[in-house]
Every structure is written in C-alpha cells, then in structure tokens.
Amino acid sequence: MRFTYAEAMTQADYYGPLAQAAEAAGYTSMTVADSLIYPEESDSTYPYTDTGDREFLQGKEFIEAFILCAHLFAVTETLRLTPFVVKLPVRPPVLAAKQASSLAFLSGNRLGLGVGLSPWPEDFAALGVDWKRRGKRMDECMDILRGLTDPSADDVNSFFGYDGEFYQFTPLQQRPAPTEKIPLLVGGHADAALRRAVLKGDGWMHAGGDGEELDRLLVRLAEIRREEGDTRDDFEVHVISYDAYDLDGVKRLEDKGVTDCIVGFRDPYVKGPDTEPLEKKIKHLEWYAENIIAKAAG
C-alpha cells in the first residue's frame, strides 16, 4: 500500500513546507488540487458533498495545478505528485501534454496525472470550450496526451498527429519526452468515468463518500476490468476512506484492490479561510506516518 497526503484550500505558501514534510515522513505522494475560476453566480452544484454547496470555494487560494507541481517538484527529491484532478477538457490538449511531459522529465518521472471532467459549466464557458459532448472531448484529450507524452516521442524521428471530432493536427513532435510513461489517473464516480479509467487510463481516483458507496464503486470497477479483459498489475486505485486511519482498515482496503490511500486531517469543505497553523498540519501528517505508514510497511 502507498500513501498520499492531501491538503487543499489552505494558504498557498504552505504547500512547499507541507510537501517537504510529507516526503520526510515517508508518504509516496501528495495531491495537487485544480480550480480555475469561482463564478460570482452559478446554478451548478458540487457533486461530492451532501448538500451540493459550492460556497466553500469562495475566496480560497489555488495555484494553477501544473505551476504548483513545478514548484513542489523543485523543493522535493522523491515525492510523487498526483493532481486531483486536472480539469482536462477545458485545456488545450497539446499545451497540457507539453506541460505534463516537461514536469515528468524535470522531476525524474514523479508525475501521476489525475484527470477529470470539470463539474462546472462555467469553467467551459470562461475558457471558450463547449460544454456539450464533454465526455467525448475528454477521451480525445487523453488520446492526445498519451500520444505526445509517450517516451518513444524522444526519438528525433518520432511524430504524432491526430484527427478527431474536436481536435485535428498534422504530425508534430514535443521534446524532451519523459523517460517513462506518465500514468493517467481518471477521477469521477459515474460509470463512464470508471470505464474511461480502464479503457484509456492507468488508474482511477476516488473523490470521497461513504464506505458503502466506495465498495459499490470498487466492485463496479473490478467488473469493468473483467469485462474489458484488463489484467494489468500496475493499474492504480486511489481512494479516500476512513478505513485508511487504522491498520486493519488499511489491510481491508488492500484486499479490495486499493493501491493508494489518500489521507487528510481536516475537512476542506468549510466556508472561509483555513485557520489551522502550518505546524499543526505537519504534526498531523507526521503522526499518521509514525502510527500507520511505518507500521503498515512492517
């Protein structure tokens, strides 16, 4: 089992020290949240809270995900970063591929790229992208990222072109390419997201919820993998679960096929600023590392 430290919607200048503390404590990864805009008015609801409220986002500090990854990679040496998740179909995919491959190359292949659909139509409107058929657009974006970030792209004679419904370009090259494949980790709870994770991704990222719902999603994910004949040993399953906070629970998650536990130590969905001091955050992550990570490793 691997362990990922999650902290979001806190003071932007905390992320560097927290990444360094998580690395020193023995976490494999740290999540990086992605939020592009906060519209003044919206009829949209947030799909991963009980009430659907979105007001917890107002006034929160978000550094753009790729830029924050670059900063955190620069101040760490071994810590993996897993954006959780980059809203892919609102971004130009050729640019996103260039950003991802650059990060992977400079960090020594420490990027696990979480990708997903934005739940906000306002994201699409603000960035000039049609909300309709966003799932198909997402599929094409993933195809393009896969093609342009493949390690073979570092061959000077390697070119990749694309002719899809939404994106078309003649063969081109982006170098330097990463020396290893960038894992594409698909976020989302809809059946289409689970199937996308299997057919086009290298893993799935769970966004939270109760244990019964998580069990249903894990069963469904396993069903889709069987249906599609997917027997990969390196398929990643990242989950948020209360079971991750004790050793028996970690073992239960492992038995269910979970590869990565995402753990945090406060409720990020609260309105207003995060008032928890940096020192307290570090103590929390260190306590978990001493009492769970170290013992789970034997």
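Provided above is the structure to which this section pertains.
One structure accompanies this document, and this report is about it. Given the structure is predicted, the values throughout are model-derived calculations rather than measurements.

Conventions and cut-offs
Here the residue numbering is sequential within each chain, running from 1 through the sequence in written order. Reporting of local features is limited, given that this is a predicted model, to residues whose pLDDT is at least 70; pairs of side-chain atoms are given and counted only at 80 or more, and all residues count toward the totals for whole chains, interfaces and linings. Side-chain numbers here rest on the full set of heavy atoms in the structure, without hydrogens or water. Here a helix means four or more residues in a row that DSSP labels H or I, a strand means two or more in a row labelled E, and each is numbered from the N terminus. We compute the radius of gyration over the C-alpha atoms and compare it with the globule rule, which gives 2.2 Å times the number of residues raised to the power 0.38. Residue exposure (1.4 Å probe, protein chains only): buried if accessible area is under 20% of the type maximum, exposed if over 50%, otherwise partly exposed. In this description, contact between two residues means that some pair of their heavy atoms is separated by no more than 4.5 Å. Strands are labelled as partners when DSSP assigns at least two bridges between them. Comment: axis = line fitted to C-alpha atoms, over the contacting stretch for helices; angle = value between 0 and 180 degrees taken between N-to-C directions. Any pair of N or O atoms that falls within 3.5 Å is considered a polar contact. Within protein, one atom must be able to donate a hydrogen and the other to accept it, and sequence-neighbouring residues count only if both atoms are side-chain atoms. Counting rule applied: Lys, Arg positive; Asp, Glu negative; His and chain ends not counted. A pairing counts as a salt bridge when a side-chain nitrogen of Lys or Arg comes within 4 Å of a carboxyl oxygen of Asp or Glu. By convention, orient the strands away from the viewer: a clockwise path from the first strand over the helix to the second makes the crossover right-handed. Residues forming no salt bridge and having over 30% relative accessible area are the ones grouped into patches, like charges within 9 Å of each other and nonpolar side chains (Val, Leu, Ile, Met, Phe, Trp, Tyr) within 5 Å. Accessible surface area values rest on a Shrake-Rupley calculation with a 1.4 Å probe, where residue burial reflects the displayed protein chains alone. Working definition of a nonpolar core: buried Ala, Val, Leu, Ile, Met, Phe, Trp, Tyr and Cys residues. They are joined through side-chain atoms within 4.5 Å. By definition in this entry, angles of less than 35 degrees are roughly parallel, angles greater than 145 are roughly antiparallel, angles of 65 to 115 are roughly perpendicular, and the rest are oblique. It is the rotation of the near helix from the far one that decides the hand of a crossing: anticlockwise by less than a right angle makes it left-handed, clockwise makes it right-handed. Amino acids outside the nonpolar list (Ala, Val, Leu, Ile, Met, Phe, Trp, Tyr, Cys, Pro) and the charged list (Asp, Glu, Lys, Arg) are all regarded as polar, and Gly is one of them.

1. Some points on the overall build of the protein
Turning to step 1, where the next piece is worked out: In terms of helices and strands, the protein carries nine helices and eleven strands.
Turning to step 2, where the next piece is worked out: Taken over C-alpha atoms, the radius of gyration comes to 19 Å for the protein, in line with the 19 Å a tight globule of 298 residues would show.
Turning to step 3, where the next piece is worked out: If you line up the protein on its principal axes, its C-alpha atoms span 55 × 45 × 40 Å.
Turning to step 4, where the next piece is worked out: Expressed as a percentage of the 298 residues in the protein, the buried residues total 49%.
Turning to step 5, where the next piece is worked out: Contacts in the protein between residues at least 24 apart in sequence constitute 70% of all its contacts with a sequence separation of at least 6.

2. Describing the sheet that holds strand β11 (residues 260–263)
Turning to step 1, where the next piece is worked out: Read across the sheet, nine strands follow the order β3-β2-β1-β11-β10-β9-β8-β5-β4 without closing on themselves; strand pairing throughout is parallel. Since the sheet does not close on itself, it has two edges, and those belong to β3 (80–83) and β4 (86–87), each with one partner.
Turning to step 2, where the next piece is worked out: Relative to strand β10 (residues 236–239), strand β9 (residues 203–205) is paired through three bridges, and the arrangement is parallel. Bridging across to β10, Met205 finds its partner in His238.
Turning to step 3, where the next piece is worked out: Packing of helix α6 (residues 191–199) onto the sheet brings it into contact with β8 (184–187) and β9, and relative to β8 it is tilted by some 170 degrees.
Turning to step 4, where the next piece is worked out: Lying on the sheet, helix α9 (residues 278–296) is in contact with β1 (2–5) and β11; it crosses β1 at an angle near 175 degrees.

3. Here's the deal with the environment of Asp260
Turning to step 1, where the next piece is worked out: Within the element layout of this structure, Asp260 appears in strand β11.
Turning to step 2, where the next piece is worked out: Leaving out residues up to four positions away in the same chain, Asp260 has contacts with Met1, Arg2, Thr4, Arg80, Glu236, Val237, His238 and Val239.
Turning to step 3, where the next piece is worked out: Side chain to side chain, Asp260 and Thr259 meet in a polar contact 2.6 Å long.

4. Section: the side chain of Arg137
Turning to step 1, where the next piece is worked out: Mapped onto the elements, Arg137 comes out in helix α5 (residues 134–149).
Turning to step 2, where the next piece is worked out: Buried charge Arg137 goes without a salt bridge, the closest partner of opposite sign being Asp130 at 5.4 Å.
Turning to step 3, where the next piece is worked out: Contacts of Arg137, omitting those with residues within four sequence positions, involve Pro89, Val129, Asp130, Phe166 and Tyr167.

5. So, the side chain of Arg54
Turning to step 1, where the next piece is worked out: In this fold, Arg54 is placed in the loop between β2 (29–32) and α2 (65–74).
Turning to step 2, where the next piece is worked out: Buried and unpaired, Arg54 has Glu55 as its nearest opposite-charge partner, separated by 4.5 Å.
Turning to step 3, where the next piece is worked out: When neighbours within four sequence positions are excluded, Arg54 is seen to be in contact with Tyr38, Pro39, Ser42, Ser44 and Trp120.

6. Some thoughts on the pairing of β3
Turning to step 1, where the next piece is worked out: Both faces of β3 are covered, namely the face carrying Arg80 and Thr82 and the face carrying Leu81 and Pro83.
Turning to step 2, where the next piece is worked out: Pairing geometry for β2 and β3, over four bridges, is parallel. Within β3, the residue paired with Met30 across the bridge is Leu81.
Turning to step 3, where the next piece is worked out: Between the parallel pair β2 and β3, the chain is carried across by α2, and the sense of this crossover is right-handed.

7. Notes on the pairing of strand β7 (residues 168–172)
Regular strands show a simple pattern: their side chains alternate between the two faces of the sheet.
Turning to step 1, where the next piece is worked out: Strand direction decides the pairing type here: strand β6 (residues 160–163) and β7, joined by three bridges, are antiparallel. By the bridge assignment for β7, Tyr162 is matched with Phe169.
Turning to step 2, where the next piece is worked out: With antiparallel pairing between neighbouring strands as the criterion, β6 and β7 make up a hairpin whose turn holds four residues.

8. Quick notes on helix α1 (residues 15–25)
Turning to step 1, where the next piece is worked out: Within α1, the full set of buried residues consists of Tyr15, Gly16, Leu18, Ala19, Ala21, Ala22 and Glu23.
Turning to step 2, where the next piece is worked out: Next to the buried residues of α1 lie β1, β2, α2 and α9.
Turning to step 3, where the next piece is worked out: Gly26 sits one or two positions beyond α1 and adopts a positive phi of about 110 degrees.

9. Some remarks on a nonpolar patch on the surface
Turning to step 1, where the next piece is worked out: A cluster of nonpolar side chains, Leu36, Ile37 and Leu127, forms an exposed patch at the surface whose accessible area comes to about 210 Å².
Turning to step 2, where the next piece is worked out: Structurally, the position occupied by Leu127 is in the loop between α4 (121–126) and α5.
Turning to step 3, where the next piece is worked out: A relative accessible area of 45% means that Leu127 is categorised as partly exposed.

10. Describing α6
Turning to step 1, where the next piece is worked out: When we look at burial in α6, the residues that qualify are Ala193, Leu194, Arg196, Ala197 and Val198.
Turning to step 2, where the next piece is worked out: In this fold, the buried residues of α6 make contact with α5, β8, β9 and α7 (211–227).

11. Remarks on the nonpolar core
Turning to step 1, where the next piece is worked out: Of all hydrophobic cores here, the largest spans 66 residues; its most connected members are Tyr27, Leu111, Leu113 and Trp204.
Turning to step 2, where the next piece is worked out: The element best represented in this core is α9, accounting for seven residues.
Turning to step 3, where the next piece is worked out: With residues near it in sequence (within four places) discarded, Tyr27 still touches Phe3, Thr4, Tyr5, Ala22, Leu79, Val263, Phe265, Leu285, Tyr288, Ala289 and Ile293.

12. With respect to the packing of helix α3 (residues 93–107) against α5
Turning to step 1, where the next piece is worked out: Look at α3 against α5: their axes get within 9 Å of each other, and the N-to-C directions meet at 45 degrees. By the angle class used here, α3 and α5 are oblique. Pair α3 / α5 crosses with right-handed handedness. Facing α3, whose interface residues are Pro93, Val94, Ala96, Ala97 and Ser101, α5 presents Cys141, Ile144, Leu145, Leu148 and Thr149.
Turning to step 2, where the next piece is worked out: Looking at the contact of α3 with α5 residue by residue, the classes come out as eight nonpolar, two polar and no charged.

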